[in-house]
Amino acid sequence: MSEQSPALWADPERQQLEEQVAAAELAWLTLDVDVETLRVEIDNFALVHHQLLGPLYARLDELDALIAEAVAALSGDPEDLRLAAEARARVEPPDEREVPSDGLWEAEQRARQVRPDREAQRLYRDLARRAHPDLSTDPAEQTRRSAFIARVNEAYARGDGGQLEQLAEEWSTAPESAPAADSPDRLGWLRQRLEWLTGRIGALAAEQVRLERTPMGELLLLAPQEPERLLEELAEQLLATAAERRDRLEGLLPAAPAGHNGGGRPGDSGGRESREDQETATMFAEALPTTDAASVPSDAVLLDVREQDEWDAGHVEGALHVPIGQVLARLEELPEEKLYVLCRVGGRSAQVVQYLVANGLREAVNVDGGMYAWEAAGRPMVSSSGAPAYVL
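Residues numbered from 1 in each chain as written. Predicted model: local features only at pLDDT ≥ 70, side-chain atom pairs only at ≥ 80, totals over all residues. Heavy atoms only, no water.

- Going by the annotation in an unreviewed UniProt entry, the name recorded for the chain is Rhodanese-like domain-containing protein, with Kitasatospora cinereorecta given as the source organism.

Given below as structure tokens:
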């Protein structure tokens, strides 16, 4: 026990403030890490969601426009024509879509394709506790600490545990700026510190609620521990919706008499193929490349995009394993040969194939039904442990 302890314990107000500040410090640091972790996870999820599901949403928009245009062409109704024009305006022209290019984009996404682990969280919390600018009242020292904490935040956003360890070592010799326990300024500092911590905790709590209520935040909270499988479910829903809308469009187009203009297509004439027919043909020509498990060549280059536990339970020997959440950051690792992409049931693999094909990055084919279909077709599998393989 230090020499100052008797004086500290003899002052009930001082003792209470010390305990309150210590508790508030712990609550602040814990919440700060939680909020920053949530922010990184939402950024990561939003990036993968946009890149892998974006083409499927674009396909739905195109189908909606074609359906609205077919309805307008049949009816000639001004309101149908207006709705068709609005639906077409929502379709982003392919040549204007943002396409990733060069190493700068890839470097940026590698930095964001992370989820800080527990060790990174521990290091971040410890550095925030020791080096936060508000631990000092000296302007110059606050500036120095702010610059240091900015480096800490950057390393944490990348999930770079090694860099956080180096920063922790760098700070280990830095002086602490809080008044000493026997300083006459200690009591006033405790009061100010407690007031600041209370305000900071409130601000962080509000930010946590804001993040959770964003569209990506609400989506991520549906399956916070399995975001990749949530993407698979969303992809399956989008593919099912697209199939329903294609069926509706097919039902509309044959009903239009040959040469019918309906007033909706100035310049169209009898005997000429309508724009709906042309665009529908294009749409079906660009359908997702798919094959059944039994038809996959024995020497095919296979890409398995499932998670590690699924891969360990059972996979195709010789397949390349890149979990769906890492595909964008590891594009350079994918072979140039035609890829046959697998997941559990075909949802996640469909997202990857759609992305690769839509952006002209690789020739890729979705294996319909995924590993379940592969197993049902009697195709060979192995497990990572050597135990009998099965589909998880």
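Don't stop here, the text continues.
### Points about the overall build of the chain
1) Next: Within the chain, the secondary structure is distributed over 14 helices and 5 strands.
2) Next: Evaluated residue by residue, the chain yields a buried proportion of 43% over its 392 residues.
3) Next: Counted over contacts in the chain with a minimum sequence separation of 6, partners at least 24 positions apart contribute 74%.
4) Next: By element, 51% of the accessible surface of the chain is carried by carbon and sulfur atoms, the whole surface being about 20,200 Å². (Helix = DSSP H or I, 4+ residues; strand = E, 2+ residues; numbered from the N terminus. Buried < 20%, exposed > 50% of the residue type's maximum accessible area, 1.4 Å probe, protein only. Contact = heavy atoms within 4.5 Å. Areas by Shrake-Rupley, 256 points an atom, 1.4 Å probe, with all protein chains shown as cover.)

### Some remarks on the packing of aromatic side chains
1) Next: Considering all chains together, one arrives at 1 aromatic pair under this definition.
2) Next: With a centroid separation of 4.2 Å and an interplanar angle of 25°, the aromatic rings of Tyr124 and Tyr156 are classed as stacked. With Tyr124 in helix α5 (residues 118-131) and Tyr156 in helix α6 (residues 139-158), the pair connects residues that are 32 residues apart, well separated along the chain.
3) Next: The class for Tyr124 is buried, based on a relative accessible area of 5%.
4) Next: Residue class for Tyr156 comes out buried when judged on its relative accessible area of 0%.
5) Next: Residue placement shows Arg379 over the ring face of Trp374; its charged tip is 4.4 Å from the ring centre. (Phe/Tyr/Trp six-rings, centres within 6.5 Å; stacked < 30°, edge-to-face > 60°. Lys NZ or Arg CZ within 6 Å of the ring centre and 35° of its normal.)

### A word on the packing of α5 against α6
1) Next: At their nearest, the axes of α5 and α6 sit 11 Å apart, and the two run at 170° to each other. Judged by the inter-axis angle, α5 sits roughly antiparallel to α6. Facing α5, whose interface residues are Ala120, Gln121, Tyr124, Leu127, Ala128, Arg130 and Ala131, α6 presents Arg145, Phe148, Ile149, Val152, Asn153 and Tyr156.
2) Next: Looking at the contact of α5 with α6 residue by residue, the classes come out as 9 nonpolar, 2 polar and 2 charged. (Axes fitted to C-alpha atoms, helices over the stretch in contact; angles between N-to-C directions. Parallel < 35°, antiparallel > 145°, perpendicular 65-115°, else oblique. Nonpolar A, V, L, I, M, F, W, Y, C, P; charged D, E, K, R; others polar.)

### Examining the sheet that holds strand β3 (residues 320-321)
1) Next: One open sheet holds the 5 strands; their spatial order is β1-β5-β4-β2-β3, and the pairing between them is parallel. At either margin of the open sheet sits one strand with a lone partner, and together these are β1 (290-292) and β3.
2) Next: Where β1 lies against strand β5 (residues 364-368), 3 bridges are found, and the strand directions are parallel. Counted as the bridge partner of Thr291 is Val367 from β5.
3) Next: Here helix α13 (residues 347-358) sits on the sheet and contacts β2 (301-304), β4 (339-342) and β5; the angle it forms with β5, its principal contact strand, is near 165°. (Pairing = 2+ DSSP bridges.)

### With respect to the pattern of salt bridges
1) Next: All chains considered together, the criterion is met by 17 salt bridges.
2) Next: Across the pair Arg145 and Glu141 runs a salt bridge, and its minimum N-O distance is 3.0 Å. With Arg145 and Glu141 both in helix α6 and 4 residues apart, the pair spans about one turn of that helix. Take Arg145 and Glu141: they sit in the same class, and that class is buried.
3) Next: Linking Glu333 and Arg330 is a salt bridge whose minimum nitrogen-to-oxygen distance equals 2.9 Å.
4) Next: You can call Glu333 partly exposed: its relative accessible area is 44%.
5) Next: Looking at Arg330, the relative accessible area reads 21%, which means it is partly exposed.
6) Next: Here the salt bridges do not stand alone but share partners, grouping Glu36, Arg39, Glu207 and Arg210 into one network. (Salt bridge = Lys/Arg side-chain N within 4 Å of Asp/Glu carboxyl O.)

### A few points about the nonpolar core
1) Next: Core analysis: the largest hydrophobic core is formed by 55 residues, its most contacted members being Leu303, Val305, Val341, Val352 and Leu356.
2) Next: Those elements giving two or more residues to this core turn out to be α2 (12-75), α8 (186-212), α9 (215-221), α10 (227-252), β4 and α13.
3) Next: Excluding anything up to four places from it in sequence, Leu356 contacts Leu331, Leu334, Leu339, Leu361, Arg362 and Ala364. (Core = buried A, V, L, I, M, F, W, Y, C linked by side-chain atoms within 4.5 Å.)

### Observations concerning the pairing of β5
1) Next: With respect to burial, β5 is a largely interior element, 4 of its 5 residues being buried.
2) Next: Sheet topology note: the β4/β5 ladder contains 3 bridges and is parallel. When the sheet's bridge partners are listed, Leu339 is paired in β5 with Ala364.
3) Next: Following the chain from β4 across α13 to the adjacent parallel β5, one finds a crossover that is right-handed. (Right-handed = clockwise from strand over helix to strand, strands pointing away.)

### Here's the deal with α5
1) Next: For α5, spanning 14 residues, the distance from its first C-alpha to its last is 20 Å, which sits close to the expected 20 Å at 1.5 Å a residue.
2) Next: Looking only at α5, the buried set comprises Ala120, Gln121, Leu123, Tyr124, Leu127, Ala128, Arg130 and Ala131. (Expected span 1.5 Å × (residues − 1).)

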